[in-house]
Amino acid sequence: MASGVKPRVKVPKSASAGGTVTIKTLISHKMESGQRKDSDGNIIPRSIINRFTADFNGQNVIDVTLEPAISTNPYFEFEAVVPEAGEFKFTWYDDDGDVYETTKQITVS
Amino acid sequence: MELTRRKILAIGSGTLALASLSSLPAFANLTEEAISALTGGADMGEGSVTIIAPEIAENGNTVPVGVDAPGAVEITLFADGNPVPNVATFKFGPLSASRSASTRIRLAKTQNVVAVAKMEDGSFQMAKAEVKVTIGGCGG
């Protein structure tokens, strides 16, 4: 399910050195749970994003394991420490092997 | 013992109540199994984990849920009324500012959301919150 997957991430443009920022992430994905049936009664196979990670300059911030009980268009909100200027990297791992990535720069003031 | 109409009615309603009760723990046991698989059967304390969830969720497809557990290295969420109780596991890395996160989850019906946090010293803490669901989030 590589079509129509679009990551959206909200990170402040700057932070104080060593300060805390709140990050909000959302990726458009149908998160088919594998529990639903189609009109013929056949089970629709599971197709979800099963892992999400956020890193800052190579250091991990949060690593989330997702199960089918996560809603369509998985949304996460969490807090990170920003020790220096650099780059946040967000990675989503799809059941079908696809990996979606996006990065955000942040400066310190 | 003489079976009067009154007694038969009493027996009948008793078995009905039993039948409706026994259908509930099937899912709850799944959750207990999943939790003990995570903790290895260790005792769990309560008090240092907070679940932020609505009391009533109109739509079970997207229920906003947040967890907060100061001192945790890992928080796992369960929903004891879902066909699969596991919901998500948050592992906090070195640059995580607070041991809290929020997301949106699916709930099939009115049920408990359970959060189990693994603390820095290896002990476990848990919290439970009931969410009433008006429209379930698992139907096809």
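Below, the structure is looked at part by part. Everything numeric here is computed off the predicted structure, so don't read it as measured data.

Turning to the overall build of chain A, a few remarks are in order. Helix and strand content of chain A: zero helices and eight strands. Starting at the N terminus and walking to the C terminus, you meet the elements of chain A as β-β-β-β-β-β-β-β. Each principal axis of the C-alpha distribution contributes one length, and for chain A these read about 60 × 20 × 20 Å. Relative to its full complement of 109 residues, chain A shows a buried share of 44%. Contacts in chain A between residues far apart in sequence, at least 24 positions, make up 58% of those at least 6 positions apart. If the 12 positive side-chain charges of chain A are averaged to one point and the 15 negative ones to another, these points end up 7 Å apart.

Further remarks concern the sheet that holds strand β7 (residues 96-105) of chain B. If you trace the six strands from one edge of the open sheet to the other, you get β1(A)-β3(A)-β6(A)-β7(B)-β4(B)-β2(B), paired in antiparallel fashion. Here the strands that pair on one side only, and so sit at the sheet edges, are β1 (7-10) of chain A together with β2 (50-52) of chain B. Mean inter-strand twist for the sheet, computed between neighbouring axes without regard to direction, equals 20°. Bridge count for β1 of chain A against strand β3 (residues 19-27) of chain A is four bridges, and the pairing is antiparallel. By the bridge assignment, Arg8 of chain A is partnered in β3 of chain A with Leu26 of chain A.

Turning our attention to the pattern of salt bridges. Residue and element names in this part refer to chain A. In this structure the tally under the stated criterion is six salt bridges over all chains. Between Arg46 and Asp95 there is a salt bridge, with its nearest N and O atoms 2.9 Å apart. Residue Arg46 is located in the loop between β3 and β4 (49-56), and its partner Asp95 is located in the loop between β7 (86-94) and β8 (99-108); the two are separated by 49 residues in the primary sequence. Taking the relative accessible area as the measure of exposure, Asp95 reaches 30% and is therefore partly exposed. Across the salt bridge formed by Asp63 and Arg51, the nearest N and O atoms sit 3.0 Å from each other.

Here we take up the nonpolar core. Phe52, Ile62, Phe78, Phe88 and Phe90 of chain A together with Phe90 of chain B are the most contacted members of the largest nonpolar core, which has 55 residues in total. Excluding its chain neighbours within four sequence positions, the residues that come into contact with Phe90 of chain B are Ile62, Asp63, Val64 and Phe76 of chain A together with Val67, Val73, Glu74, Ile75, Leu77, Ala101 and Thr103 of chain B. If you look at the next biggest cluster of nonpolar residues, it comprises seven residues, including Ala34, Ile35, Val114 and Phe124 of chain B.

Next up on the list: the packing of aromatic side chains. Note on aromatic pairs: each is described by the distance of the centres and the angle between the planes. All names here are of chain A. If you walk through the whole model with that rule in mind, you get six aromatic pairs over all chains. Measuring from ring centre to ring centre gives 5.1 Å for Phe52 and Trp92, while their planes differ by 35°; the resulting arrangement is tilted. Highlighted residues: Phe52 in strand β4 and Trp92 in strand β7, separated in sequence by 40 residues. Here Phe52 and Trp92 have matching classes, each one buried.

Facing 31 residues of chain A, the contacting portion of chain B comprises 29 residues. Carbon and sulfur atoms make up 52% of the surface buried where chain A meets chain B, a total of about 2400 Å² over both sides. Sorting the residues of chain A by area buried against chain B places Ala69, Ser71 and Tyr75 of chain A first, and these three jointly supply 21% of that buried surface. Between chain A and chain B we count zero salt bridges in total. Run the count over chain A and chain B and you get 18 residue pairs in polar contact (both at pLDDT 80 or more). Of all the secondary structure elements, the ones that give two or more residues to the side of chain A that touches chain B are β3, β5 (59-66) and β6 (75-82) of chain A. Broken down by element, the residue count for the side of chain A that touches chain B peaks at eight residues, all from β5 of chain A. When grouped by side-chain class, the residues that make up the side of chain A that touches chain B number 16 nonpolar, eight polar and seven charged. Bridge count for β6 of chain A against β7 of chain B is four bridges, and the pairing is antiparallel.

The rules we used
- Position numbers for residues count from 1 along each chain, tracking the sequence in the order it is written.
- Each chain is given a letter, starting from A, and each ligand a number, starting from 1, according to the order in which they appear as written.
- Totals for whole chains, interfaces and linings use every residue, but because this is a predicted model, local features are given only for residues with pLDDT of at least 70 and side-chain atom pairs only at 80 or more, for both listing and counting.
- Only hydrogens and water are removed before side-chain values are computed, so all heavy atoms of the structure are retained for them.
- A run of DSSP states H or I qualifies as a helix once it reaches four residues; a run of E qualifies as a strand once it reaches two. Both are numbered from the N-terminal end.
- Under the scheme applied here, a residue whose accessible area is under 20% of the maximum for its type counts as buried, over 50% as exposed, and between as partly exposed, the area being computed with a 1.4 Å probe on protein chains only.
- Residue contacts are defined here by distance: any two heavy atoms, one from each residue, within 4.5 Å place the two residues in contact.
- Asp and Glu are treated as the negative residues and Lys and Arg as the positive ones, with His and the ends of the chain left uncounted.
- Note that the charge is assigned to NZ on lysines, CZ on arginines, CG on aspartates and CD on glutamates.
- Strand pairing is defined by DSSP finding a minimum of two bridges between the two strands.
- For helices, the fitted axis covers only the stretch in contact; all axes are lines through C-alpha atoms, and the angles between them, taken along N-to-C directions, range from 0 to 180 degrees.
- Salt bridges are defined as contacts in which a side-chain nitrogen from Lys or Arg sits within 4 Å of a carboxyl oxygen from Asp or Glu.
- Take the buried residues of types Ala, Val, Leu, Ile, Met, Phe, Trp, Tyr and Cys, join any two whose side-chain atoms come within 4.5 Å, and each joined set is a nonpolar core.
- Each aromatic pair joins two rings of Phe, Tyr and Trp (for Trp, the six-membered one) with centres within 6.5 Å, and gets the label stacked for planes under 30 degrees apart, edge-to-face for over 60, and tilted for any other angle.
- Using a 1.4 Å probe, buried area is obtained as the accessible area two parts lose upon being combined, added over both of them.
- Pairing of N or O atoms within 3.5 Å defines a polar contact, subject to two protein rules: one partner must be a possible hydrogen donor and the other a possible acceptor, and residues neighboring in sequence count only if both atoms are side-chain atoms.
- Classification convention: Asp, Glu, Lys, Arg as charged; Ala, Val, Leu, Ile, Met, Phe, Trp, Tyr, Cys, Pro as nonpolar; all other residues, Gly among them, as polar.

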